[in-house]
Amino acid sequence: SSSVVAISPYACQRRTSLNNYNKLFTDAFEVLAENYEMNENKGPYLGFMRAASMIKSLPYAISSMKDLEGLPCLGDQTKAVIEQCCQDTEKSTIKSCINFARSQSIILFTSVFGVGQKTAEKWFRKGLRTFEEVQVHKETKLTKMQIAGFLYYEDLSSFVTKPEADAIGQIIEDTVRLFMPDALVTLTGGFRREKKIGHDVDFLITTPVPGNENGLLEKVIDVLHQQGILLYCDVVESTFDKSRLPSRKVDALDHFQKCFAILKLLKQKVITSNCEEAEEPSNTSTKEWKAIRVDLVITPFDQYAFALLGWTGSRQFERDLRRFATHERKMMLDNHALFDKNK
Ligand code: 8DG
Ligand code: MN
Ligand code: MN
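The model shown is predicted, which means the values in this text are computed figures rather than measured ones.

Attention now moves to the site of ligand 1. Around ligand 1, a shell composed of 16 residues is seen, among which Gly190, Arg193, His199, Asp200 and Asn335 lie nearest. Between ligand 1 and the protein, one listed contact pairs an oxygen atom with a side-chain N or O atom of Asp202 at 3.0 Å. The side chain of Asn335 places a nitrogen or oxygen atom 2.7 Å from an oxygen atom of ligand 1. Here ligand 1 loses 83% of its free accessible area of 610 Å² to cover by the protein chains. Secondary structure elements with two or more residues in the shell around ligand 1: α11 (189-192) and α14 (304-312). For the shell around ligand 1, the class distribution of residues is two nonpolar, eight polar and six charged.

The following block contains the structure:
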């Protein structure tokens, strides 16, 4: 079944649907990757992420090692994990391994908005193992971002649904249009890939008239604040320098002005179809709103296409696009431009 058509080692050369026939394997790979990333072990981290990405493109469920013949992106380590999964007929061992890995303190800590690897490790080294321990520990100084992260942890760690993303989109669009009627507000990230759930909602904002985007973000933030729906906001100013060449770093962040925010979404603003409404959990809280993570990115119009490509993700797809540009086309791609190194 596997090698009728050769599968490309680049994610950007593979057709991948949201239908993942091998979720158990890819969950295991991603959790292992995360553990390696924590230990700053870049090689195995990329190896497992690449393997997970490739496996997501397979139109069949892997059931034995024979199914792996001719597949790219698999090394000894990844194959060993697949072999173990295949032998584990109940799948309970692998599932409990995944859950155990996820419950480990460092990974648990980085699930808090504003807590990166360094902070998670620092807390761990101090002997802290739970959120409670972190919050009551006298010496822990939380940043504004981390305070928001803990305050809204429950909302932020529950997934954002598509209707919620659309409701946020309406708010952002209405607000932007107050100042710039011809502005373009585009939903990016996982929802642009038609994922049904996400951890946040990402938007690109641009205007066709060069320069009109200057000052727009501040005005939008101001209105959201006045409406009382801005729970948190961290603005990162643009660091774009025209003389700069595209970054060679595969995971480099971009230079656009942006804002990492938390918005308060009133539940009444979310339009759900009947079938989705029916499964509202028996919530004990009477809270009428939900905290939602929102990323707003402002781009000049002439860089919009590259920004859109870059912010659509997935992360692995973006890595492979850049790798493909570099190695197969001798070009350099980032969120701002595509450079031909020969010209
Ligand atoms: P999710 O939120 O549903 O979990 O998935 P996602 O939408 O694919 O992930 P994301 O973390 O929201 O990021 C969306 C894409 O944007 C991702 O492929 C990487 C890309 N990206 C950039 N610059 C930056 C940046 O500065 N921060 C983050 N988080 N992502 C960035 O191009
Ligand atoms: Mn996202
Ligand atoms: Mn995001």
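A regular strand places its side chains on the two faces of the sheet in alternate fashion. Along strand β6 (residues 257-266), seven of the 10 residues are buried, which leaves the element largely enclosed by surrounding structure. Of the pairings in the sheet, the one linking strand β5 (residues 230-236) to β6 comprises six bridges and is antiparallel in character. When the bridges of β6 are listed, Cys233 appears paired with Ala261. Here β6 runs beside strand β7 (residues 289-298); their pairing, made up of 10 bridges, is antiparallel. Each bridged residue has a counterpart across the sheet, and for Leu263 the counterpart in β7 is Ile292.

We now examine the packing of aromatic side chains. The description of an aromatic ring pair uses the distance of the two centres, along with the angle that the planes make with each other. Within this structure, the stated rule accounts for 10 aromatic pairs. Taken together, a centroid distance of 5.5 Å and an interplanar angle of 85 degrees make the contact between Phe113 and Tyr232 edge-to-face. Of this pair, Phe113 sits in the loop between α5 (105-110) and α6 (117-125) while Tyr232 is found in strand β5, placing the two residues 119 residues apart along the sequence. Across this residue pair, the class does not change: Phe113 and Tyr232 are buried. Here the aromatic cluster, defined as three or more aromatic residues joined through ring pairs, consists of Phe109, Trp123, Phe131, Phe150 and Tyr153. When the ring centre of Trp289 is taken as reference, the NZ or CZ atom of Lys264 above it lies at 4.9 Å. The ring of Trp289 carries the charged tip of Lys287 above its face, separated from the ring centre by 4.3 Å.

Attention now moves to the packing of helix α2 (residues 42-56) against helix α15 (residues 315-329). Orientation of α2 relative to α15, taken along the N-to-C sense of each, is 100 degrees, at an axis distance of 10 Å. In terms of axis orientation, α2 runs roughly perpendicular to α15. Contact residues: α2 offers Tyr45, Leu46, Met49, Arg50 and Ser53, while α15 offers Gln316, Arg319, Asp320 and Arg323.

Okay, the environment of Val136 next. Turning to its location among the elements, Val136 is positioned in helix α7 (residues 131-136). By relative accessible area, Val136 is classed as exposed at 65%. In sequence terms Val136 and Leu24 are 112 residues apart; their C-alpha atoms lie 37 Å from each other.

A separate point is the coordination of the manganese ion (ligand 3). In the first shell of the manganese ion (ligand 3), the protein supplies Asp200 (OD), Asp202 (OD) and Asp295 (OD), at 2.1 to 2.2 Å from the metal. Positions of the donor residues of the manganese ion (ligand 3), expressed as sequence spacing, correspond to D-x1-D-x92-D. A separation of 3.6 Å is found between the manganese ion (ligand 3) and the manganese ion (ligand 2), both of which receive a donor from Asp200. Of this pair, Asp202 sits in strand β4 (residues 201-206) while Asp295 is found in strand β7, placing the two residues 93 residues apart along the sequence. On the basis of relative accessible area, Asp295 is assigned to the buried category, the value being 6%.

What follows concerns the pattern of salt bridges. Per the stated rule, a full pass over the model turns up 12 salt bridges. The salt bridge partner of Lys290 is Glu164, with a shortest N-O separation of 3.0 Å. Here the residue Lys290 occupies a position in strand β7, and Glu164 occupies one in helix α10 (residues 162-179), the gap between them amounting to 126 residues. The class for Lys290 is buried, based on a relative accessible area of 9%. Here Glu164 falls in the buried class, since its relative accessible area comes to 12%. As a salt-bridge pair, Lys258 and Asp254 come within 2.8 Å of each other at their nearest N and O atoms. Like Asp254, Lys258 is buried. Here the salt bridges do not stand alone but share partners, grouping Asp200, Arg293 and Asp295 into one network.

Conventions we followed
- Residues numbered from 1 in each chain as written.
- Chains lettered and ligands numbered in written order.
- Predicted model: local features only at pLDDT ≥ 70, side-chain atom pairs only at ≥ 80, totals over all residues.
- Heavy atoms only, no water.
- Near = heavy atom within 4 Å.
- Polar contact = N/O pair within 3.5 Å; in protein donor to acceptor, adjacent residues only side chain to side chain.
- Areas by Shrake-Rupley, 256 points an atom, 1.4 Å probe, with all protein chains shown as cover.
- Helix = DSSP H or I, 4+ residues; strand = E, 2+ residues; numbered from the N terminus.
- Nonpolar A, V, L, I, M, F, W, Y, C, P; charged D, E, K, R; others polar.
- Buried < 20%, exposed > 50% of the residue type's maximum accessible area, 1.4 Å probe, protein only.
- Pairing = 2+ DSSP bridges.
- Phe/Tyr/Trp six-rings, centres within 6.5 Å; stacked < 30°, edge-to-face > 60°.
- Lys NZ or Arg CZ within 6 Å of the ring centre and 35° of its normal.
- Axes fitted to C-alpha atoms, helices over the stretch in contact; angles between N-to-C directions.
- Parallel < 35°, antiparallel > 145°, perpendicular 65-115°, else oblique.
- Contact = heavy atoms within 4.5 Å.
- Donors = N, O, S within 2.8 Å, 3.2 Å for Na, K, Ca; no water.
- Salt bridge = Lys/Arg side-chain N within 4 Å of Asp/Glu carboxyl O.

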